[in-house]
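Next come the chains, spelled out residue by residue.
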Amino acid sequence: MSFLRLSAYLFTVLILSATTLQAANIPVPSTTSVPEVAQDVRIDCNSDEIVVSVSTRSGRFNGMIYPRGLSKNSSCLTEWRQHDTPVRYTLPLRGCNTMNTELDDGGVEYFNTIVVQPHLKLVTNQGRGFHIRCRYQTQDNTNTITNNALTVDLMEAKPLTALAPMPGCTMKIFYGDPGLHEVAENVKIGDPLTLVVQLDKQDTYGISVTECLVRDGLGWGEQRLINSWGCPVDGEIMGMFQYADGQTRAEVHFQAHKFPYTASVYYQCNVKLCMKADGGCDQIAPPNCGGARHRRQAKDLSEGTPATIEVYSGLYVNEANDLAKADQDDSVYSERASEDSICISQRSFAIGICIAGLVLMLAVIAAILILLARRRNKKITSSNPDSSIYSGPYTNTAYSHSS
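Any chance you could break down the overall build of the protein for me, citing the residues and the numbers?
Secondary structure summary: the protein contains three helices and 19 strands in total. Counted over contacts in the protein with a minimum sequence separation of 6, partners at least 24 positions apart contribute 66%.

Here it is, written out as structure tokens:
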């Protein structure tokens, strides 16, 4: 009887545990206020930056805004504490993961993805991601050049030597062979890349690529690649530019590299123009990096150079394993599950575990009861008083002997 009472007690405890777990999964109305998510987002495309204006329904914003992938100790992250909306967030065109791509109509599009997170310390599911795009139209090869430390506009620049208009200059980074025209945008460390600097087709000017460097886009670090003479600083990172016939195109092959704390890299070069007439470009491109003519060559580059054009380009370089998995730090998107997967809510899973445990416990109790019943039957059989070790009756007869 004591065993039956113990079994009944265990059964009652299991039922109470299941009931308590179900009650714990009942949602309780929260008394805290729900964070205000972004309701309206507007952008202004300026000459050197993109300004994003974010408004909320309550007219207040308490949280942070940052480019996707730069949420950890980034200078591109901005915080607001109970600030009136709209809040204005500024994205530079040459940093903070902002990249650009050329359009078919000759324009340039700058793009980035920002995360609006209504919390100052945590990444929550109230955060929203916005893909920002700004398109700029270029007309008549309007570029900015530097001449004797002065910044002028090419459309307003006066001819210096020849009467030919200033050509446009572009920098592009291709994946592998540039003849395949595959522009590199998202690569991994070690991928073969080709940086191409090209001047518009004309017969007046040639180019010499100098002072190239790579930046992290955060203002934290940079690395020189090509010096002021056009020679490589570290040949293992980037070699010497190869110039095509006509000296209007230069390219260099290198392997993708990055800074350890960010995936975005930005390349910048100064392109010095030279006059093809009378062999004006023969002394500067390609450069002589032997060492003896560096001082003379630097003097030739500074004298008689019509203009200097600054070109730049950027791309994303990831670790080898980063391309196989999504970035979980700044994820604000939902992913659709495959058709073969089964989704179970936390409450249903807990109830199922309780039921399975209850059934298992009942099975164990039943097995124990069966074993005890068998042992009791054996004891009753062995203690029966009608049984004997003799098979038949016996007599106790005494014999006497008389002489």
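Anyway, onward from the coordinates.
Residue-level account of the sheet that holds strand 2 (residues 49-56), with values.
Spatially, three strands are ordered 1-2-5 in an open sheet, and the strand pairing comes out antiparallel. If you trace the sheet from one side to the other, it starts and ends with strand 1 (38-45) and strand 5 (87-92), each paired once. Adjacent strand axes in the sheet meet at a mean angle of 25°, parallel and antiparallel pairs treated alike. Here seven bridges tie strand 1 to strand 2, and the two strands are oriented antiparallel to one another. The partner of D40 across the bridge, within strand 2, is S55.

Tell me about the sheet that holds strand 17 (residues 249-255), residues and numbers included.
If you walk across this open sheet you meet the four strands as 11-13-17-16, and the pairing is antiparallel. On the outer flanks of this sheet lie strand 11 (169-175) and strand 16 (242-243), each paired with one strand and no other. Sheet topology places strand 16 next to strand 17; two bridges connect them, and they run antiparallel. Its bridge partner lying in strand 17, Q242 is registered against E251.

Help me get a handle on the pairing of strand 17, residues and values and all.
One ladder, built from seven bridges, connects strand 13 (residues 192-199) with strand 17; its direction is antiparallel. Paired with L195 across the two strands is V252, which belongs to strand 17. Hairpin connection from strand 16 to strand 17: five residues lie between these consecutive antiparallel strands, with G246 at a positive phi of about 95°.

Explain the packing of aromatic side chains residue by residue, including any values.
The final tally for this structure, using the stated rule, is five aromatic pairs. Counting every residue linked through ring pairs, the aromatic cluster contains W220, F259 and Y261.

Account for the pairing of strand 6 (residues 99-102), with residues named and values stated.
Summarising the sheet, strand 6 and strand 7 (residues 108-117) pair through four bridges and their orientation is antiparallel. Across the sheet, residue M99 finds its bridge partner in strand 7, namely F111. Hairpin connection of strand 6 to strand 7: five residues between the antiparallel strands, including G106 at a positive phi of 95°.

Basis of the calculations
- Residues numbered from 1 in each chain as written.
- Predicted model: local features only at pLDDT ≥ 70, side-chain atom pairs only at ≥ 80, totals over all residues.
- Heavy atoms only, no water.
- Helix = DSSP H or I, 4+ residues; strand = E, 2+ residues; numbered from the N terminus.
- Contact = heavy atoms within 4.5 Å.
- Pairing = 2+ DSSP bridges.
- Axes fitted to C-alpha atoms, helices over the stretch in contact; angles between N-to-C directions.
- Phe/Tyr/Trp six-rings, centres within 6.5 Å; stacked < 30°, edge-to-face > 60°.

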